[in-house]
Amino acid sequence: GGSGVKAQPRVPWQVKYLALVLIWGSSFLLMKVGLEAMSPVQISALRILSGAVVLLGLHLAGGGRLPTGARVWCHLFVCGFFLGALPFTLFAMSETRISSALAGIGNAATPIATVLATLAILPGERATGRRLVAVGVGFLGVITIMQPWTATDRPDLVGFSMALIGGASYGVGWTYNRRFLSGVDLGGLSQPTATLLTALVLIVPFVITWALVQPEGLAAIWAYDTAGAGDWPWLPLLCVLVLGVVGTGFAYMLQFDVVRGAGPVIGSTITYLIPVVSVLLGVLVLGEHLGRWQLVGFAIVLGAAFVINQRPASRPTTHATASDVVEVPTTAR
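Quick look at helix α3 (residues 40–61) now. With 22 residues, α3 should cover 32 Å at 1.5 Å per step; its first-to-last C-alpha distance of 32 Å lies within 8% of that length. Of the residues trailing α3, glycine 63 is marked for its positive phi of about 80 degrees.

What follows is the structure, given as structure tokens:
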């Protein structure tokens, strides 16, 4: 996908949109398989590393330059934390306790968190009454999934809370990006590349600290449980590499092209289709099961996310600027 090409793209944005939904929706399945042989911290680190390598290579091959200025990089580090290091680690950790389907539902917290972060971070921005009501309904949906009225059928609350925080961190990160980086014209893949590079810098000391408290010490960084992977010993590693290269690297290119081709309003609808794919894959491929109340809560959260993503029709979408691109609350990935 070209960044500044004015000619009609060879691949329609609708195809790229569908690809994005499938790529990011399948990320929860890929993490679940990866956990058969790797730890959540390893998965997060390898995902960030492989995604950063792909984006940096594509960016430099296209003659792009990385942003400059200490202030810009300080803001990028905040984005790297909320858009990479934190959610990638939390989602992988959540799946040690809950199903990939339920972790994907946690991703639907992104638009809810975006509204709240917008009120807190963006001066002069006001949420419509309809959106605030949708946020409240979304919280009711989350509570329905958690089922506080029963101790037997409800999901692991720690695991589901990790997924919710992971989804919410995207909302915070993209809103912060709008507030502090939307006026900086970085161009092309410069901004996502820089964001993943800062996430990589942040995850390295975390991985080393994590390894030092493991029984095997620093060797835990490259430990791999081939026995736990069963008949396909290298499938978990392959899944994590696909998660990083395709789901974290190439997906950024697709995301930019979708927003440029269809505008930020349509681009933002990807957010609530991702958990639908994650639930379908979890149930059909991994044989996971969602209880009745989890399905009801999922429907409520999905409906709330849909209402939140409905934007005023008067907003121009014919020309996607850099600020439009970073405004889209994306996920999971």
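So that's the structure; there's more coming.
Attention now moves to the packing of aromatic side chains. A complete count under the given rule lists seven aromatic pairs for this structure. Taking the centre distance of 5.3 Å and the plane angle of 85 degrees together, the rings of phenylalanine 28 and phenylalanine 91 count as edge-to-face. A residue pair is termed long-range when its members are at least 10 positions apart, and phenylalanine 28 in helix α2 (residues 27–34) and phenylalanine 91 in helix α4 (residues 70–94) qualify at 63 residues. Assigned by exposure class, phenylalanine 28 and phenylalanine 91 land together as buried. A ring pair is formed by tyrosine 176 and phenylalanine 180, whose centres lie 4.5 Å apart and whose planes are at 40 degrees; its orientation type is tilted. Of the two residues, tyrosine 176 and phenylalanine 180 both sit in helix α8 (residues 157–181), four residues apart, roughly one turn of that helix. Among the aromatic residues, those joined into a ring-pair cluster are Phe28, Phe91 and Tyr170. Just above the ring of phenylalanine 88 sits the side chain of arginine 47; from NZ or CZ to the centre is 3.8 Å. The lysine or arginine in question, arginine 179, covers the ring of phenylalanine 180, its NZ or CZ lying 4.8 Å from the ring centre.

Another aspect to go through is the side chain of serine 169. Secondary-structure assignment places serine 169 in helix α8. Note on serine 169: relative accessible area 3%, which makes it buried. Look past the residues within four positions of serine 169 in its chain and what remains in contact with it is Phe82, Leu86 and Pro87.

A few words on the nonpolar core. Generally speaking, a soluble globular protein has its nonpolar side chains buried in company with each other. Grouped together as the largest cluster of nonpolar side chains are 74 residues, with contacts concentrated most on Ile43, Ile105, Phe160 and Ile270. For this core, the element with the highest residue contribution is helix α10 (residues 235–262), accounting for nine residues. In contact with isoleucine 43, not counting residues within four places along its chain, are Met31, Gly34, Leu35, Met38, Ala92, Val240 and Leu243. If you look at the next biggest cluster of nonpolar residues, it comprises five residues, including Ile112, Ala134, Val135 and Ile308.

Cut-offs and rules
- Residues numbered from 1 in each chain as written.
- Predicted model: local features only at pLDDT ≥ 70, side-chain atom pairs only at ≥ 80, totals over all residues.
- Heavy atoms only, no water.
- Helix = DSSP H or I, 4+ residues; strand = E, 2+ residues; numbered from the N terminus.
- Expected span 1.5 Å × (residues − 1).
- Phe/Tyr/Trp six-rings, centres within 6.5 Å; stacked < 30°, edge-to-face > 60°.
- Buried < 20%, exposed > 50% of the residue type's maximum accessible area, 1.4 Å probe, protein only.
- Lys NZ or Arg CZ within 6 Å of the ring centre and 35° of its normal.
- Contact = heavy atoms within 4.5 Å.
- Core = buried A, V, L, I, M, F, W, Y, C linked by side-chain atoms within 4.5 Å.

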